[in-house]
Amino acid sequence: MKSIYGFSYPELEEEMLSLGQSKFRAKQIYAWLYKKDVTSFDEMTDISKAFRDELKSRYDFYVPECTVRQESKDGTVKSLFRMKDGEEVESVLMHYVYGYAVCVSSQVGCNMGCAFCASGLLKRKRNLTAEEMLGQVLSYDRYLKEKDENLRVSHVVVMGTGEPFDNYDNVLSFVRNVNSPFGLDIGARHITVSTCGIVPGILRFGKEGLQINLAISLHAPDDERRDRLMPINKAYPLEKLIPAIIQYYKDSGGRRCTFEYVMIKDFNDSIADAKKLYNLIYPTHGFVNLIPLNPVKEKGLLRSDDERIDAFHRYLLSKGIKSTIRKEFGSDIDAACGQLRAKYANK
């Protein structure tokens, strides 16, 4: 049985038409789901009982079950969610000055094999559906409302376990759902999709006509070191990736991407590396988000010193590249992406 949460608004309109109803039914159902947060069709009192019974026979209100929840002293919450088939994924709630952001997983496991990331410790088993991704957000939204009815999730990043563009259609359905003004109504510019560099996905994404942000996991300024960090670079090296990002900028009407750059001690964190990075990305009009490494014991890499991160940051700013240093979250609760799931899988 399909979850009613699995439909984007346009998809639900089409579904209602296929059942002999008007498109307006989709608006009614979305209002009950996302404005009033009901969890049964019987509560939808402006819909006839006969049609409510038909809805009950076709759809359920399934969201993944939260099996583990860790709360950091800095307010970060990391959760493990179990799907219907028993597979588990993790996601994270982070509190910024501008609101609450959820980092969503898009796959069960990951095949990208990045050298600094715990997600690849467990290989990909399958893609997540749109409703399984949405369930991660809904769970945190309800968690916040239990604390204070005025709190809600305000930002979403598809940056957890998995490669979003390896699950393109489900991810696009999910982001359209959370962005819909009839749904969770999270602004497009508050939603970010992150890819390790799947060139066909980047080119396709640029033509979607969306204001959703795109982030590129770059992490090295040349192919030799990016090959060592990210096996995907062998399929889509920088000579293919950078032109695709420039094309994305053109096709999307000037949407600038963010380059994610994890700072690894004595590997990619020198001023010489900052100069190479500047020369590489300058034509793309992109931003840079410097990420202090969350060390993963099995990977053996170390976090750059604060002084080197700051010097790298200052150099980029001096060259006119907008750059930030990502705030560190949850260092006391298995902070690295994929670490929580890997720990419990090993148990």
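These remarks concern the structure in this document. (Residues numbered from 1 in each chain as written. Predicted model: local features only at pLDDT ≥ 70, side-chain atom pairs only at ≥ 80, totals over all residues. Heavy atoms only, no water.)

1. What to know about the side chain of Arg226
Here is step 1 of the chain: As for its placement among the helices and strands, Arg226 is situated in helix α7 (residues 223-229).
Here is step 2 of the chain: Although Arg226 is buried, it makes no salt bridge; Asp223 carries the closest opposite charge, 6.1 Å away.
Here is step 3 of the chain: Leave out the neighbours within four places in its chain, and Arg226 touches Cys196, Ser217, Leu218, Ala220, Asn233, Tyr236, Leu238 and Leu241. (Helix = DSSP H or I, 4+ residues; strand = E, 2+ residues; numbered from the N terminus. Buried < 20%, exposed > 50% of the residue type's maximum accessible area, 1.4 Å probe, protein only. Lys, Arg positive; Asp, Glu negative; His and termini not counted. Salt bridge = Lys/Arg side-chain N within 4 Å of Asp/Glu carboxyl O. Contact = heavy atoms within 4.5 Å.)

2. Observations regarding helix α5 (residues 168-179)
Here is step 1 of the chain: Here α5 contains twelve residues, and its C-alpha end-to-end distance of 16 Å stays within 8% of the 16 Å for a straight helix at 1.5 Å per residue.
Here is step 2 of the chain: Turning to α5, its buried residues are Tyr168, Val171, Leu172, Ser173, Phe174, Val175, Asn177 and Val178. (Expected span 1.5 Å × (residues − 1).)

3. Describing the pairing of strand β3 (residues 65-71)
Here is step 1 of the chain: In this sheet, strand β4 (residues 77-82) lies alongside β3 in antiparallel orientation, the contact comprising six bridges. Directly across from Val68, in β4, lies its bridge partner Leu80. (Pairing = 2+ DSSP bridges.)

4. What about the nonpolar core?
Taken as a class, soluble globular proteins show a tendency for nonpolar side chains to be buried jointly.
Here is step 1 of the chain: Judged by nonpolar contacts, the single largest core of 101 residues is most densely connected at Ile4, Ile29, Met44, Phe174, Val175 and Phe205.
Here is step 2 of the chain: With near-sequence residues (within four places) excluded, Val175 lies in contact with Val158, Ile191, Val193 and Ile212.
Here is step 3 of the chain: One finds Val92, Met94, Ala101 and Val157 within the second-largest nonpolar core, a separate group that totals six residues. (Core = buried A, V, L, I, M, F, W, Y, C linked by side-chain atoms within 4.5 Å.)

5. Details of the pattern of salt bridges
Here is step 1 of the chain: All chains considered together, the criterion is met by 23 salt bridges.
Here is step 2 of the chain: Notably, a salt bridge pairs Arg308 with Asp269, separated by 3.1 Å at the nearest N-O pair. Here Arg308, found in helix α11 (residues 306-318), pairs with Asp269, found in the loop between β12 (258-263) and α10 (271-281); they are 39 residues apart in sequence, far enough to count as distant.
Here is step 3 of the chain: Asp306 is paired through a salt bridge with Arg303; the nearest N and O atoms lie 2.8 Å apart.

6. Looking at a negative patch on the surface
Here is step 1 of the chain: There is a patch of like negative charges on the surface, built from Asp266, Asp305, Glu307 and Asp310.
Here is step 2 of the chain: One can find Asp266 in the loop between β12 and α10. (Patch = residues over 30% accessible without salt bridge, like charges linked within 9 Å, V, L, I, M, F, W, Y side chains within 5 Å. Areas by Shrake-Rupley, 256 points an atom, 1.4 Å probe, with all protein chains shown as cover. Charge placed at Lys NZ, Arg CZ, Asp CG, Glu CD.)

7. Remarks on the packing of aromatic side chains
Here is step 1 of the chain: Counted by the stated rule, this structure contains 14 aromatic pairs.
Here is step 2 of the chain: Arranged with centres 5.2 Å apart and planes meeting at 75°, the rings of Tyr9 and Tyr30 form a pair that is edge-to-face. With Tyr9 in helix α1 (residues 9-18) and Tyr30 in helix α2 (residues 24-35), this pair connects stretches of sequence that are 21 residues apart. With respect to class, Tyr9 is no different from Tyr30; both count as buried. (Phe/Tyr/Trp six-rings, centres within 6.5 Å; stacked < 30°, edge-to-face > 60°.)

8. Side note on the environment of Glu132
Here is step 1 of the chain: Relative to the helices and strands, Glu132 is located in helix α4 (residues 130-147).
Here is step 2 of the chain: Exposure remark for Glu132: the relative accessible area of 6% places this residue in the buried category.
Here is step 3 of the chain: Residues Glu132 and Leu241, spaced 109 residues apart in sequence, show a C-alpha to C-alpha distance of 30 Å.
Here is step 4 of the chain: Leaving out residues up to four positions away in the same chain, Glu132 has contacts with Tyr62, Pro64, Met83, Arg126 and Asn127.

9. Topic: the side chain of Ser106
Here is step 1 of the chain: Here Ser106 lies in the loop between β6 (99-103) and β7 (107-108).
Here is step 2 of the chain: Setting aside residues no more than four positions away along its own chain, Ser106 makes contact with Asn127, Leu128, Met133, Val158, Thr161, Gly162, Glu163, Pro164, Asn167 and Val171.

10. Things to note about the environment of Gly286
Here is step 1 of the chain: Mapped onto the elements of the fold, Gly286 is located in the loop between α10 and β13 (287-292).
Here is step 2 of the chain: By relative accessible area, Gly286 is classed as buried at 6%.
Here is step 3 of the chain: Separated by 41 residues in the primary sequence, Gly286 and Ile245 have C-alpha atoms spaced 8.9 Å apart.
Here is step 4 of the chain: When sequence neighbours within four positions are dropped, the list of residues in contact with Gly286 reads Cys257, Phe259, Ile281 and Ile321.

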